[in-house]
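What follows is each chain in one-letter form.
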Amino acid sequence: MATLTDAKRVVIKIGSALLVDRIHGALRSDWLLGLAQDVAMLKTRGIDVILVSSGSIALGRGALGLPSSELALEQSQAAAAVGQIRLARAYEEVLAPYDITTAQVLVTLEDSANRRRYLNSRATLDQLLSLGVVPIVNENDTVATDEIRYGDNDRLAAQIALTTGADRLILLSDVDGFYSANPMRDPSAKRYNIIDDITAEIEDMAGEGVSGLSKGGMITKVMAAKTATAGGCAMAITEGSVLRPISALENGANATWFTAQGTPHLARKRWIGSMKAQGTLVLDAGAVRALGQGKSLLPAGVTDVTGIFERGDPVSITDSDGHQLGQGLVAYPSSDAAKIKGHHSRDIEPILGYPGRTALIHRDDMAL
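Residues numbered from 1 in each chain as written. Predicted model: local features only at pLDDT ≥ 70, side-chain atom pairs only at ≥ 80, totals over all residues. Heavy atoms only, no water.

**Q** Which residues make up the overall build of the chain, and what values do they have?
**A** Along the chain, the regular secondary structure elements total 14 helices and 15 strands. Relative to its length of 368 residues, the chain is compact, with a C-alpha radius of gyration of 22 Å against a globular reference of 21 Å. Once the C-alpha set of the chain is aligned to its principal axes, its extents read approximately 65 × 45 × 40 Å. The buried share of the chain, taken over its 368 residues, is 50%. Of the contacts formed within the chain by residues at least 6 apart in sequence, a portion of 73% connects residues at least 24 apart. Here the chain contributes 36 positively and 42 negatively charged side chains, and the mean placements of these two sets differ by 3 Å. (Helix = DSSP H or I, 4+ residues; strand = E, 2+ residues; numbered from the N terminus. Rg over C-alpha atoms; globule rule 2.2 N^0.38 Å. Buried < 20%, exposed > 50% of the residue type's maximum accessible area, 1.4 Å probe, protein only. Contact = heavy atoms within 4.5 Å. Lys, Arg positive; Asp, Glu negative; His and termini not counted. Charge placed at Lys NZ, Arg CZ, Asp CG, Glu CD.)

**Q** Any chance you could break down the pattern of salt bridges for me, citing the residues and the numbers?
**A** For the structure shown, the criterion picks out 11 salt bridges. With its nearest N and O atoms 2.6 Å apart, the salt bridge here joins D6 to R168. Highlighted residues: D6 in the segment before β1 (9–14) and R168 in strand β5 (residues 168–173), separated in sequence by 162 residues. R9 is paired through a salt bridge with D126; the nearest N and O atoms lie 3.4 Å apart. Here the residue R9 occupies a position in strand β1, and D126 occupies one in helix α6 (residues 115–130), the gap between them amounting to 117 residues. Classification of R9 by relative accessible area gives buried; the value is 16%. (Salt bridge = Lys/Arg side-chain N within 4 Å of Asp/Glu carboxyl O.)

**Q** Now, about the nonpolar core: what can you tell me, with residues and values included?
**A** Counting residues in hydrophobic clusters, the biggest one holds 38 residues, and the most contacted among them are V11, V137, I160, L169, F178, M235 and F258. Formed by 36 residues, the second largest nonpolar core is a distinct cluster that contains L4, L18, L51 and V134. (Core = buried A, V, L, I, M, F, W, Y, C linked by side-chain atoms within 4.5 Å.)

**Q** Mind laying out unusual backbone geometry, listing which residues take part and the relevant values?
**A** One non-glycine residue, D99, lies in positive phi territory at about 60°. For D99, the location among the structural elements is in the loop between α4 (73–95) and β3 (102–107).

Just distances and angles here, no functional claims.
Okay, structure coming up:
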(Lines give C-alpha, C1' and ligand atoms only; values in the text may rest on other atoms or scores of the structure.)
Protein backbone atom coordinates (compact mmCIF):
# COMPACT_ATOMS: atom_id res chain seq x y z
CA MET A 1 0.00 0.00 0.00
CA ALA A 2 1.23 3.50 -0.82
CA THR A 3 1.96 5.79 2.12
CA LEU A 4 3.37 9.28 2.59
CA THR A 5 6.58 7.95 4.12
CA ASP A 6 8.64 8.12 0.93
CA ALA A 7 6.62 10.82 -0.85
CA LYS A 8 8.49 13.63 -2.55
CA ARG A 9 5.64 15.80 -3.84
CA VAL A 10 2.06 15.69 -2.53
CA VAL A 11 -1.09 17.29 -3.91
CA ILE A 12 -3.93 17.67 -1.39
CA LYS A 13 -7.45 18.39 -2.63
CA ILE A 14 -9.75 20.24 -0.24
CA GLY A 15 -13.48 20.54 -0.87
CA SER A 16 -15.73 23.45 0.06
CA ALA A 17 -17.68 21.39 2.59
CA LEU A 18 -14.51 20.84 4.65
CA LEU A 19 -13.34 24.44 4.50
CA VAL A 20 -16.52 26.49 4.68
CA ASP A 21 -19.50 26.19 7.02
CA ARG A 22 -22.48 25.55 4.78
CA ILE A 23 -24.98 27.46 6.90
CA HIS A 24 -23.07 30.66 7.66
CA GLY A 25 -20.61 30.69 4.74
CA ALA A 26 -17.71 31.22 7.15
CA LEU A 27 -14.33 29.52 7.26
CA ARG A 28 -13.94 26.54 9.58
CA SER A 29 -10.94 28.13 11.26
CA ASP A 30 -10.09 25.26 13.61
CA TRP A 31 -10.04 22.80 10.71
CA LEU A 32 -7.86 25.09 8.62
CA LEU A 33 -5.40 25.52 11.49
CA GLY A 34 -5.13 21.75 11.77
CA LEU A 35 -4.49 21.43 8.05
CA ALA A 36 -1.76 24.06 8.34
CA GLN A 37 -0.06 21.93 11.01
CA ASP A 38 -0.16 18.95 8.65
CA VAL A 39 1.27 20.97 5.77
CA ALA A 40 4.08 22.23 8.02
CA MET A 41 4.77 18.65 9.13
CA LEU A 42 5.16 17.52 5.51
CA LYS A 43 7.36 20.50 4.66
CA THR A 44 9.73 19.81 7.57
CA ARG A 45 10.28 16.36 6.05
CA GLY A 46 11.33 17.93 2.74
CA ILE A 47 8.08 17.11 0.94
CA ASP A 48 6.72 19.57 -1.63
CA VAL A 49 3.06 20.38 -0.99
CA ILE A 50 0.42 21.74 -3.37
CA LEU A 51 -3.09 22.50 -2.16
CA VAL A 52 -5.98 22.33 -4.63
CA SER A 53 -8.68 24.14 -2.73
CA SER A 54 -12.33 24.83 -3.37
CA GLY A 55 -14.10 27.45 -1.31
CA SER A 56 -13.93 30.75 -3.18
CA ILE A 57 -17.56 30.72 -4.33
CA ALA A 58 -18.79 29.52 -0.93
CA LEU A 59 -16.86 32.29 0.87
CA GLY A 60 -17.91 34.94 -1.62
CA ARG A 61 -21.53 33.86 -1.45
CA GLY A 62 -21.53 34.41 2.30
CA ALA A 63 -19.77 37.76 2.05
CA LEU A 64 -22.20 39.02 -0.58
CA GLY A 65 -25.30 37.60 1.08
CA LEU A 66 -26.25 35.60 -2.00
CA PRO A 67 -28.83 32.82 -1.64
CA SER A 68 -27.79 29.26 -0.84
CA SER A 69 -29.72 28.00 -3.87
CA GLU A 70 -28.11 27.45 -7.28
CA LEU A 71 -26.49 30.67 -8.50
CA ALA A 72 -26.57 32.08 -12.01
CA LEU A 73 -23.20 32.03 -13.82
CA GLU A 74 -22.56 35.75 -13.31
CA GLN A 75 -23.45 35.43 -9.61
CA SER A 76 -21.03 32.52 -9.21
CA GLN A 77 -18.27 34.47 -10.94
CA ALA A 78 -18.90 37.52 -8.77
CA ALA A 79 -18.87 35.34 -5.64
CA ALA A 80 -15.62 33.72 -6.80
CA ALA A 81 -13.99 37.12 -7.34
CA VAL A 82 -14.82 38.16 -3.79
CA GLY A 83 -14.08 34.76 -2.27
CA GLN A 84 -10.70 34.22 -3.95
CA ILE A 85 -9.19 37.10 -1.99
CA ARG A 86 -10.52 35.71 1.28
CA LEU A 87 -9.41 32.18 0.48
CA ALA A 88 -5.86 33.21 -0.42
CA ARG A 89 -5.59 35.40 2.68
CA ALA A 90 -6.85 32.61 4.93
CA TYR A 91 -4.16 30.20 3.70
CA GLU A 92 -1.50 32.88 3.92
CA GLU A 93 -2.40 33.66 7.53
CA VAL A 94 -2.52 30.06 8.81
CA LEU A 95 0.77 29.05 7.15
CA ALA A 96 2.77 32.20 7.90
CA PRO A 97 3.51 31.16 11.54
CA TYR A 98 5.42 28.18 10.09
CA ASP A 99 7.44 30.49 7.81
CA ILE A 100 5.67 29.00 4.79
CA THR A 101 5.06 31.30 1.84
CA THR A 102 1.92 30.73 -0.21
CA ALA A 103 0.99 31.60 -3.79
CA GLN A 104 -2.39 31.72 -5.49
CA VAL A 105 -2.54 29.90 -8.85
CA LEU A 106 -5.81 30.09 -10.82
CA VAL A 107 -6.26 27.79 -13.78
CA THR A 108 -8.85 26.63 -16.31
CA LEU A 109 -9.17 23.47 -18.38
CA GLU A 110 -7.57 25.30 -21.31
CA ASP A 111 -4.36 25.63 -19.29
CA SER A 112 -3.80 21.86 -19.45
CA ALA A 113 -5.48 21.17 -22.81
CA ASN A 114 -3.23 23.68 -24.58
CA ARG A 115 0.41 22.49 -24.55
CA ARG A 116 1.81 26.00 -24.50
CA ARG A 117 -0.27 26.98 -21.48
CA TYR A 118 0.51 23.62 -19.90
CA LEU A 119 4.25 24.26 -20.16
CA ASN A 120 3.82 27.76 -18.73
CA SER A 121 1.79 26.39 -15.80
CA ARG A 122 4.34 23.64 -15.21
CA ALA A 123 7.25 26.07 -15.27
CA THR A 124 5.53 28.45 -12.84
CA LEU A 125 4.57 25.71 -10.39
CA ASP A 126 8.02 24.11 -10.56
CA GLN A 127 9.66 27.46 -9.83
CA LEU A 128 7.35 28.10 -6.87
CA LEU A 129 8.05 24.66 -5.43
CA SER A 130 11.81 25.07 -5.90
CA LEU A 131 11.55 28.23 -3.78
CA GLY A 132 9.75 26.37 -1.01
CA VAL A 133 6.35 27.96 -1.71
CA VAL A 134 3.05 26.15 -1.16
CA PRO A 135 0.86 26.91 -4.21
CA ILE A 136 -2.89 27.22 -3.55
CA VAL A 137 -4.53 26.13 -6.79
CA ASN A 138 -8.16 26.64 -7.74
CA GLU A 139 -10.20 26.78 -10.90
CA ASN A 140 -10.46 30.35 -12.14
CA ASP A 141 -14.20 30.62 -11.58
CA THR A 142 -14.20 34.34 -12.35
CA VAL A 143 -13.56 33.69 -16.06
CA ALA A 144 -14.25 30.00 -16.69
CA THR A 145 -17.42 29.12 -18.56
CA ASP A 146 -18.77 25.61 -19.12
CA GLU A 147 -16.66 24.88 -22.19
CA ILE A 148 -13.37 25.68 -20.41
CA ARG A 149 -14.19 24.29 -16.96
CA TYR A 150 -12.91 21.23 -15.18
CA GLY A 151 -16.20 21.31 -13.32
CA ASP A 152 -14.83 19.67 -10.18
CA ASN A 153 -11.62 19.91 -8.22
CA ASP A 154 -11.06 16.15 -8.07
CA ARG A 155 -10.06 16.08 -11.73
CA LEU A 156 -8.30 19.43 -11.43
CA ALA A 157 -6.20 18.00 -8.59
CA ALA A 158 -5.30 14.95 -10.69
CA GLN A 159 -4.22 17.19 -13.56
CA ILE A 160 -2.12 19.34 -11.22
CA ALA A 161 -0.51 16.13 -9.91
CA LEU A 162 0.45 15.21 -13.47
CA THR A 163 1.59 18.71 -14.36
CA THR A 164 3.95 18.89 -11.38
CA GLY A 165 5.10 15.26 -11.37
CA ALA A 166 3.63 14.59 -7.92
CA ASP A 167 3.87 11.04 -6.57
CA ARG A 168 0.93 11.29 -4.13
CA LEU A 169 -2.55 12.77 -4.50
CA ILE A 170 -4.86 12.91 -1.48
CA LEU A 171 -8.54 13.67 -1.93
CA LEU A 172 -9.95 14.85 1.40
CA SER A 173 -13.54 13.79 1.06
CA ASP A 174 -16.83 13.38 2.92
CA VAL A 175 -16.33 9.61 2.93
CA ASP A 176 -13.49 7.45 4.23
CA GLY A 177 -12.71 5.66 0.99
CA PHE A 178 -14.19 3.94 -2.05
CA TYR A 179 -17.13 1.63 -1.39
CA SER A 180 -18.83 -1.02 -3.48
CA ALA A 181 -22.09 0.89 -2.90
CA ASN A 182 -23.32 3.88 -0.93
CA PRO A 183 -22.71 2.80 2.71
CA MET A 184 -25.38 5.19 3.97
CA ARG A 185 -27.97 3.24 2.00
CA ASP A 186 -26.44 -0.22 1.87
CA PRO A 187 -25.04 -1.53 5.20
CA SER A 188 -23.35 -4.40 3.35
CA ALA A 189 -21.25 -2.03 1.21
CA LYS A 190 -17.56 -2.94 1.23
CA ARG A 191 -14.77 -0.38 1.53
CA TYR A 192 -11.66 -1.15 -0.53
CA ASN A 193 -8.28 -0.57 1.10
CA ILE A 194 -6.35 -0.86 -2.16
CA ILE A 195 -7.37 -0.73 -5.80
CA ASP A 196 -4.64 -1.82 -8.18
CA ASP A 197 -6.69 -1.74 -11.37
CA ILE A 198 -9.64 0.54 -12.16
CA THR A 199 -11.86 -1.93 -13.96
CA ALA A 200 -15.26 -1.38 -15.55
CA GLU A 201 -16.76 -2.98 -12.44
CA ILE A 202 -15.06 -0.41 -10.20
CA GLU A 203 -16.32 2.40 -12.42
CA ASP A 204 -19.86 1.02 -12.25
CA MET A 205 -19.70 1.09 -8.45
CA ALA A 206 -18.87 4.81 -8.48
CA GLY A 207 -22.35 5.91 -9.35
CA GLU A 208 -22.85 8.60 -6.73
CA GLY A 209 -21.40 10.41 -3.74
CA VAL A 210 -22.23 9.55 -0.15
CA SER A 211 -23.28 12.62 1.81
CA GLY A 212 -24.13 14.93 -1.05
CA LEU A 213 -21.58 17.50 0.16
CA SER A 214 -19.11 16.80 -2.63
CA LYS A 215 -19.89 18.49 -5.91
CA GLY A 216 -18.47 15.81 -8.14
CA GLY A 217 -19.42 12.64 -6.28
CA MET A 218 -17.52 9.36 -6.34
CA ILE A 219 -17.43 9.01 -10.13
CA THR A 220 -15.24 12.11 -10.46
CA LYS A 221 -12.87 10.67 -7.85
CA VAL A 222 -12.48 7.49 -9.88
CA MET A 223 -11.87 9.58 -13.01
CA ALA A 224 -9.23 11.49 -11.05
CA ALA A 225 -7.67 8.20 -9.96
CA LYS A 226 -7.44 7.00 -13.57
CA THR A 227 -5.65 10.19 -14.56
CA ALA A 228 -3.32 10.26 -11.56
CA THR A 229 -2.32 6.59 -11.50
CA ALA A 230 -1.66 6.51 -15.25
CA GLY A 231 0.74 9.39 -14.61
CA GLY A 232 2.63 7.47 -11.92
CA CYS A 233 0.90 9.12 -8.96
CA ALA A 234 -0.74 7.05 -6.22
CA MET A 235 -4.05 8.48 -5.01
CA ALA A 236 -5.90 8.20 -1.70
CA ILE A 237 -9.51 8.95 -0.83
CA THR A 238 -9.95 9.58 2.88
CA GLU A 239 -12.41 11.31 5.21
CA GLY A 240 -11.27 14.88 5.67
CA SER A 241 -13.40 16.50 8.37
CA VAL A 242 -11.11 15.54 11.27
CA LEU A 243 -8.92 18.37 12.52
CA ARG A 244 -5.63 16.95 11.19
CA PRO A 245 -6.64 14.76 8.26
CA ILE A 246 -3.14 14.14 6.86
CA SER A 247 -1.82 13.05 10.26
CA ALA A 248 -4.88 10.83 10.64
CA LEU A 249 -4.15 9.22 7.26
CA GLU A 250 -0.56 8.54 8.27
CA ASN A 251 -1.74 7.04 11.57
CA GLY A 252 -3.99 4.50 9.90
CA ALA A 253 -7.29 6.26 9.26
CA ASN A 254 -9.60 4.52 6.82
CA ALA A 255 -8.73 5.24 3.21
CA THR A 256 -8.64 3.74 -0.25
CA TRP A 257 -5.32 3.88 -2.08
CA PHE A 258 -5.25 3.62 -5.88
CA THR A 259 -1.92 2.16 -6.97
CA ALA A 260 0.33 4.16 -9.29
CA GLN A 261 1.26 2.66 -12.65
CA GLY A 262 5.02 3.27 -12.64
CA THR A 263 6.54 6.59 -11.60
CA PRO A 264 5.68 10.18 -12.59
CA HIS A 265 9.02 10.49 -14.39
CA LEU A 266 8.53 7.39 -16.53
CA ALA A 267 4.89 8.22 -17.25
CA ARG A 268 5.83 11.67 -18.47
CA LYS A 269 8.57 10.25 -20.70
CA ARG A 270 6.09 7.78 -22.22
CA TRP A 271 3.62 10.58 -22.86
CA ILE A 272 6.20 12.76 -24.59
CA GLY A 273 7.52 9.83 -26.62
CA SER A 274 4.04 8.87 -27.84
CA MET A 275 3.31 12.23 -29.51
CA LYS A 276 3.58 12.91 -33.22
CA ALA A 277 6.62 15.10 -33.88
CA GLN A 278 5.93 18.43 -35.60
CA GLY A 279 9.53 19.12 -36.60
CA THR A 280 13.16 18.12 -36.10
CA LEU A 281 16.19 19.52 -34.31
CA VAL A 282 19.57 18.26 -35.58
CA LEU A 283 22.39 18.21 -33.01
CA ASP A 284 26.15 18.39 -33.18
CA ALA A 285 28.36 15.81 -31.46
CA GLY A 286 28.80 17.93 -28.32
CA ALA A 287 25.06 18.27 -27.79
CA VAL A 288 24.59 14.53 -28.31
CA ARG A 289 27.15 13.87 -25.56
CA ALA A 290 25.46 16.41 -23.27
CA LEU A 291 22.06 14.74 -23.68
CA GLY A 292 23.69 11.42 -22.85
CA GLN A 293 24.81 12.97 -19.56
CA GLY A 294 21.24 13.99 -18.69
CA LYS A 295 21.56 17.67 -19.62
CA SER A 296 19.05 19.94 -21.33
CA LEU A 297 19.33 20.85 -25.00
CA LEU A 298 20.80 24.32 -25.47
CA PRO A 299 20.58 26.32 -28.71
CA ALA A 300 24.36 26.18 -29.19
CA GLY A 301 24.23 22.45 -29.91
CA VAL A 302 21.60 22.66 -32.66
CA THR A 303 22.80 22.76 -36.26
CA ASP A 304 19.49 22.62 -38.13
CA VAL A 305 15.77 23.19 -37.54
CA THR A 306 13.12 21.71 -39.83
CA GLY A 307 9.32 21.72 -39.79
CA ILE A 308 6.82 24.27 -38.55
CA PHE A 309 5.95 24.11 -34.85
CA GLU A 310 4.87 26.25 -31.94
CA ARG A 311 6.18 26.46 -28.39
CA GLY A 312 5.17 23.29 -26.52
CA ASP A 313 4.92 21.12 -29.64
CA PRO A 314 6.77 17.78 -29.76
CA VAL A 315 9.83 17.71 -32.02
CA SER A 316 12.19 14.92 -33.04
CA ILE A 317 15.82 15.08 -31.88
CA THR A 318 18.44 13.59 -34.23
CA ASP A 319 22.21 13.50 -34.60
CA SER A 320 24.03 14.82 -37.68
CA ASP A 321 23.60 11.44 -39.44
CA GLY A 322 19.83 11.51 -39.03
CA HIS A 323 19.66 8.89 -36.27
CA GLN A 324 16.75 9.70 -33.97
CA LEU A 325 17.78 10.17 -30.35
CA GLY A 326 14.30 10.86 -28.99
CA GLN A 327 11.88 13.75 -28.88
CA GLY A 328 10.82 16.55 -26.60
CA LEU A 329 8.57 19.54 -26.05
CA VAL A 330 10.28 22.55 -27.54
CA ALA A 331 10.45 25.88 -25.71
CA TYR A 332 10.39 28.05 -28.86
CA PRO A 333 8.40 28.21 -32.10
CA SER A 334 10.25 27.05 -35.20
CA SER A 335 10.82 30.60 -36.46
CA ASP A 336 12.64 31.59 -33.26
CA ALA A 337 14.42 28.24 -32.91
CA ALA A 338 15.92 28.73 -36.38
CA LYS A 339 17.23 32.17 -35.39
CA ILE A 340 18.97 31.08 -32.17
CA LYS A 341 20.33 27.67 -33.32
CA GLY A 342 24.09 27.50 -32.89
CA HIS A 343 24.12 30.50 -30.55
CA HIS A 344 24.98 30.73 -26.87
CA SER A 345 22.04 31.14 -24.50
CA ARG A 346 23.25 34.64 -23.54
CA ASP A 347 22.63 35.69 -27.15
CA ILE A 348 18.93 34.77 -27.10
CA GLU A 349 17.67 38.17 -25.95
CA PRO A 350 19.75 40.23 -28.42
CA ILE A 351 18.64 37.97 -31.30
CA LEU A 352 14.94 37.62 -30.46
CA GLY A 353 14.36 40.88 -28.64
CA TYR A 354 13.05 39.21 -25.49
CA PRO A 355 14.66 37.17 -22.67
CA GLY A 356 13.61 33.62 -23.52
CA ARG A 357 14.30 30.36 -21.75
CA THR A 358 17.87 29.09 -21.58
CA ALA A 359 17.15 25.65 -23.06
CA LEU A 360 15.49 24.79 -26.36
CA ILE A 361 14.24 21.61 -24.68
CA HIS A 362 14.52 21.14 -20.93
CA ARG A 363 15.65 17.69 -19.84
CA ASP A 364 12.33 17.17 -18.01
CA ASP A 365 10.50 17.72 -21.32
CA MET A 366 12.56 15.15 -23.22
CA ALA A 367 12.18 11.42 -23.89
CA LEU A 368 15.37 9.79 -25.22
